[in-house]
Structures are given as structure tokens and as C-alpha cells.
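# Coordinates in review
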Amino acid sequence: MPLSLSPHAGQLTLLLVEDDPYLSEFAQTLLGLHFKRIAVAKDGIEGLCRFIECTPDIVLTDQVMPGLRGLDMVRKIRKVNPRTPVVLMTGNLDHTMLVDAINLEVAKFIPKPFGPDLLVQALDELVRRLLGEKLLEQHRLQEIELLRYRDSYHCMQQEAALRKEHHLVRHDLRHLSITSPEGIRWGVEVSHSARDIMCGDGYAVRHLPDGRVLIFLIDSMGSGLSASLTTLLATSFCNFIVEHLYQCCGMRFQKIIDLFLSYVAGVLLDDEAISCGFFLVDLDGTFMETAAFALPPLLVRDLSGAVRFERSTNPPLSRYSLHSKVSRLSLDGVADLLLVTDGVTDAPVTGNTSYKQHLREDFQASPTLASLSRRFHARIADDQERDDRTMLHLRRLDLPPAWSFSCTPPLSLNGLNAAAEEALALLKAEVPLQAKVIDELELVLTEALTNALEHGCLGLGREAKSLAIKEGDYDELLTARCAGAHGRIQLILTLWSAAEQPLLQVEVRDSGPGLPADFLRSPGPNAVSGRGLKVIEHYSDGFYTSGPGGCLIISKTLEGACHGT
Amino acid sequence: MELERSGNVVTIKGNIKSVEDSALIKDAIKKIKGEGARNLELRIVDSFSMTSTVIGNLMKLVHHDKVQLAMIVGDERLYELLDELNLVQDFNVRQGRR
């Protein structure tokens, strides 16, 4: 064995603890050229101090020394550092000492007396092992760094993908009602929850220039990126039809479907299929044209509350789909329609069943999408393996009332307060309500009436109101404007009792120009106004705006209440 | 709704839901602010909600008047509303026992 150590020893520090000056000098001479540094101690106590000072990579120690013996020093070192390799030089290794040394994880033993070869060989093995460990550690740190980078990169990509998904989903009628020539208002609400950022469900609700509404709903079969890409492409194409082809050429419903079929034939893989549906709502003709491809059945409720299913008339769409059947559904006598994707119908329900078995029952009980969503979430069991879920609800806002109330309060905060109290008192007399519901309704009425007064009749914009609040003269401004106001506010409450749970609709009309579009957006982070509609949304089942003039229609299911038959 | 004041601590019992409730709270805040207070503690014992008028006044108090606000709410529904409106941090809201 040559008297040389691995060159990597030059990166390491050795602690030498030896009370024999001759042996200490011998070891320093032999090893000094190989190690980066040799710290020297002449007994165990000094050795411990040096260890703490210089944190060596290897400890080479004698066993028998005055004061603190070698293994006693190692025991104390282990409390500070359990890993540094130790080489023990001893002329007398008995059984007890050996067990002690093993327990203290002494790496090598060198029996005294020893020659230079033995010492160099023992240290060389340790140096090589340490080098391997260092390389492994470096590699591990590099891997962690790489993973961190990848993770942050992927997060950034996911956020960009989410922005893209939100950008492509268009709901032109969010909080906006549409009106038939007979003056009947309708609204569309959507509840969409994705399992992953890139999801297989998508939708579009587009208000066409001719007044019709095109609804598109898609559930790409399978999961992951491929399904979500198909959904993004299909949704984009639907938007393209509306924004470009339709606007410049106009077209029949069948033409839209044919174009879509032709487009997806070039997008889908051989083994890929999608469930989707196009629904063209025509309030002029009071009908809806539908082309549904393997979507779960459409639920339709008529004005008497009876619910029926309308099945899809086409199989799933594949690249080989050439033809489609279009059907027409009359909206005469229809109260509302529900479209869902299979993430809703297949959701697991406690008791090993799926939500499909409860959907009809829950829909019958729920006049609004918010109410149905509450029932859905109350039923579903394990939500770990959930799919993408979309529910789309088209409903008539003007329903034949089983009870109604109307008043025109004076234009003052006190006048509005009195009107709200009167309306609630009459409602309570008509239908028994829980205290919680009454409180929520009072709050909703307060917000809606105040909103109509400030922004409708008094013409206070968001900026003017914010400025007045900041200046501290808002109350004076309101009082002054009320005194000179000639506007009008009408409060209308109606009850619709055909669904199993009664639906209360609160309508607040004002003589103003209607809510500006920015009122439907969230206020800035430090804004002092603009949260009234958010509060209304939180404590109701949602709201719509309507025109002409200011008109807010708020819906609230009176859960647990019973009205009429 | 009932409102009690002790120094810079305002305790509200009952629901904050009407124009009158909003006016009472606004007056109390205005009074405290007028006395030069730099901090205010609002203890809302059991209200499930808060009107947007009160929210607007508190936003002004915190961001415009730079008054340090601490709010303790007893009803989880109010906490949820404030959380949904991203106001928990601005209003320094903590959930307390009723």
C-alpha cells in the first residue's frame, strides 16, 4: 500500500488528539501534507474544545489519555455532532470498550503500535467515504433546487393557464336579465367548479346581437391536459362563431352545429369523445333549439312545478360524427331549465350511490341554482375524487305570484326603512319564516333600497359617494339631495310557490338610469363604497339587474317555509 | 340592535341590518373620531351581518383617518362575510366567543 491519501483529503480538516508527543509529532508529519489543516490536542478535554472550535471532518484520537479518555471525549462530541467519523488508536481493546466504541459509532480502530501504512489506509478509506457523502449531499441539494425551480415554474404556468381559462369563459348575462317581447324576464346562472386548473368542463353564455342567447356547455371525456385542451379549443371556437362568423353573416342554429362538427373533427384524436350541447334561446319565438351530445338529461320545470327530463338526442361527439339532431323545446309554460355535466350526476353520495338518484328530487325543491347547490353539497360524500362540475340554470324571473306586495316609499332613509319593515311584516303574516331568514331579508332590503336611493334617484355615482364619505359630509349630502329629489322608488315582493320551497323575489325599481356596468365589478381594495351588491349576493340566492331604468331583482329561497299547498 | 360605549371600545349587541342600525354605529364612530381617538375596538357580539354603509365608514376610518381598528366578531357568518370581502386584515378581525 503506497503512503498516500486521496487528494480529496486536501479539502478536509483533521483533529488529532494524542497525549504522547512523539506519536503526535509522527502523525502530524505523516498527515500534514495531505490534509487542509490538522488541529492538535494533547488530551480529551482539549480535544473536545478544539472539536467545537474547528468542527473537523475527521477525528483521530488516542484512547488512553489523562483527564478525559478518548471514548469519553467521543461521547461528548456525539452530543454536538452525531456524524463526524472517529478513528480510535488504542493498544488495549477489551470487550466493554469495543461495545462502547460501536455504540458511539467509531468508524475505524488502529491497534497500537502501528506503522504509517495502517494509519494512512484507515484515513484514506474515511476520506473516500466522506467524499462520496459530500458528493451525494451536493447532488441532493442541486435536486432540491431544481425541484424548487420546477415547482415555481409550474405554479407560474398553472396561474397563466387559469387566467386563460377565465379569459375564454364568457358569460354575457352574469347578473343581467333578458326580456321577451311580452315583457317576461329571464336570467342565466352558472355554477362551475374545476377539479384542477386545467379542467375538462367549459361553458359560454353569449348574448347575440339579435337578442337571442347561445349557451354552450362542454365536458370533454377523460381528464388531464388532453381533455382540458379540447375544452379550451371548443369553447374558443364557440366564441369565435359568436364574435366573428355570426356577427358578420348571421346564421341558422343548424349551421352553427355543422361548423362545430367540422371543427372538432380536426381537433379530436381517434379515441377521443366529448359531451356537449348548444342551446339557442329565442325569446321572440318562446322556444329553445337544442343540439345535445350525450349530456346528462336536461331538467325542465313548468310553471305548475312539474319536473320532466329531456334526454340528449345525439351520442357523444367524436371526430367521426357527421350528423346531428336538433330539437326544439317550447318555453311556453316553462319556469326553468337545468343543464349539468356528469361531474354533478356522478358525484358520490353517502350510502354508495351517486347524485343522479337525487337530482330530480333536489331540483323539485330548489327554485334557484344557489338553493340546488346547497342541497347538492349537503348530500355528496367523499369529495376527494371529485370531477369537474358545471350546473347551468336558465330561469324565468317573472313567475305567476302566489302572493305579492308593492309600495312606493318616500325618498328618505327613514321612509325606506319603514317600507322594508312593512313589507317584512306582511310577508311574515303570509308565510311563516325563521328568525334568521327574516334578519337576512331585512338586511337585503336595506341594501337594495339604499342602493336605489343613492345611485338611482339621487344620481350619486361611486366616486361622488366615496368622496362625500371621505370628506365626512355624506349624510348632509344625502339629506340635501333627498329634499330636492323628484324620483321614485318602487318595492315589490312576490312569492312563487310551485317549487317545493317557496321563492321570494324582491324587486326594487327606481327612476334612475340604471346601474352603471362598474357597479357589477368588485370595488378597489381600499374603496369606501361599492360593497352593497356583494352583501346582497352573500345573503340571498343572487340578483339580476334589469331595465329600463334602475331595477334590481333579488331571489331568495325560503328554506324550510311552507306556502299555499 | 344595542350599542354601548366605554372609552374607545364599542360593543354592539343584536343584528346590524337596518338603516337605523347603520346610523347609530356611524354616529358612535364619528363621535369617537371627533374626540381625537387613534384607535377603536369594535365588539360585535352576535350580529350575523354588517351593512355596506357601516363597512364604508370603517374603510374610511382605517384608510383615510388612519385610526387603528380592532374588531371582535362573535358570529361566524359575519366573519365569513368579512373574509369574502377581503376585510379581515383591514379591519383586524378576530373571532371571539359570544
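Source: prediction; values computed, not measured.

## What about the sheet that holds strand β4 (residues 86-90) of chain A?
Residue and element names in this part refer to chain A. With parallel pairing, five strands are arranged side by side in an open sheet as β2-β1-β3-β4-β5. Two strands bound the open sheet, and with one partner strand each, they are β2 (37-41) and β5 (108-111). Between one strand axis and the next, the sheet turns through 15 degrees on average, direction left out of account. Two elements, strand β1 (residues 13-17) and strand β3 (residues 58-62), share four bridges in a ladder whose sense is parallel. Counterpart to L14 in the pairing with β3 is I58. Its contacts with the sheet put helix α2 (residues 44-54) on β1, β2 and β3, and the angle it makes with β2 is roughly 145 degrees. Running at roughly 170 degrees to β5, helix α5 (residues 116-168) makes contact with β1, β3, β4 and β5 of the sheet.

## Here's the deal with the interface of chain B and chain A
Counting residues at the interface gives 27 residues for chain B, matched by 26 residues for chain A. Of the roughly 2300 Å² buried where chain B meets chain A, counting both sides, 57% is carbon and sulfur surface. For the pair chain B and chain A, the interface holds four salt bridges. Where E442 of chain A meets K17 of chain B, a salt bridge forms, and the shortest distance between an N and an O atom there is 3.1 Å.

## Remarks on the pairing of strand β9 (residues 201-207) of chain A
Put simply, side chains in a regular strand alternate between the two faces of the sheet. All names here are of chain A. When you tally the buried positions in β9, you get six out of seven residues, the bulk of the element. Direction of pairing for strand β6 (residues 170-171) relative to β9: parallel, over a ladder of two bridges. When the sheet's bridge partners are listed, H171 is paired in β9 with V205. Bridge count between β9 and strand β10 (residues 213-220): seven bridges; the pairing is antiparallel. Paired with R206 across the bridge in β10 is L214. Counting the residues between successive antiparallel strands, the hairpin from β9 to β10 contains five residues, one of them, G211, with a positive phi of roughly 95 degrees.

## So, the environment of G547 of chain A
Mapped onto the elements of the fold, G547 of chain A is located in the loop between β23 (543-545) and β24 (550-557). Expressed as a C-alpha distance, the spacing of G547 of chain A and L126 of chain A, which sit 421 residues apart in the sequence, is 85 Å.

## A few points about the pattern of salt bridges
If you walk through the whole model with that rule in mind, you get 40 salt bridges over all chains. Where R83 of chain A meets E133 of chain A, a salt bridge forms, and the shortest distance between an N and an O atom there is 3.9 Å. Taken together, the positions of R83 of chain A in the loop between α3 (70-80) and β4 and E133 of chain A in helix α5 put the pair 50 residues apart, joining distant regions of the chain. Judged by its relative accessible area of 65%, R83 of chain A is exposed. The shortest N-O distance in the salt bridge between K17 of chain B and D439 of chain A comes to 2.5 Å. A residue pair is termed interchain when its members come from two chains, as with K17 of chain B in the loop between β2 (9-13) and α1 (19-34) and D439 of chain A in helix α12 (residues 435-457). On the basis of relative accessible area, K17 of chain B is assigned to the buried category, the value being 14%. When its relative accessible area of 16% is taken as the criterion, D439 of chain A is described as buried. Residues joined in a network through salt bridges with shared partners are K436, E440 and K556 of chain A together with D75 and R77 of chain B.

## Some remarks on a negative patch on the surface
Where like charges cluster on the molecular surface, the negative patch consists of E537 of chain A together with E76, E80, D83 and E84 of chain B. Element by element, the count of residues in the negative patch is highest for helix α3 (residues 76-84) of chain B, at four residues. The partly exposed category is assigned to E84 of chain B, whose relative accessible area is 47%.

## A short note on the sheet that holds β2 of chain B
Residues and elements named next belong to chain B. Here five strands make up an open sheet; going across it, the order is β1-β2-β3-β4-β5 and the pairing mixed. Single-partner strands in this sheet number two, and they are β1 (2-6) and β5 (93-95). On average, each strand axis in the sheet is tilted by 15 degrees relative to the strand beside it, whichever way the strands run. Inspection of the sheet shows strand β4 (residues 68-73) paired to β5 by three bridges, in the parallel sense. Counterpart to I72 in the pairing with β5 is R94.

Cut-off values and rules
Residues numbered from 1 in each chain as written. Chains lettered and ligands numbered in written order. Predicted model: local features only at pLDDT ≥ 70, side-chain atom pairs only at ≥ 80, totals over all residues. Heavy atoms only, no water. Pairing = 2+ DSSP bridges. Helix = DSSP H or I, 4+ residues; strand = E, 2+ residues; numbered from the N terminus. Axes fitted to C-alpha atoms, helices over the stretch in contact; angles between N-to-C directions. Contact = heavy atoms within 4.5 Å. Buried area = accessible area lost by both parts, 1.4 Å probe. Salt bridge = Lys/Arg side-chain N within 4 Å of Asp/Glu carboxyl O. Buried < 20%, exposed > 50% of the residue type's maximum accessible area, 1.4 Å probe, protein only. Patch = residues over 30% accessible without salt bridge, like charges linked within 9 Å, V, L, I, M, F, W, Y side chains within 5 Å. Areas by Shrake-Rupley, 256 points an atom, 1.4 Å probe, with all protein chains shown as cover. Lys, Arg positive; Asp, Glu negative; His and termini not counted. Charge placed at Lys NZ, Arg CZ, Asp CG, Glu CD.

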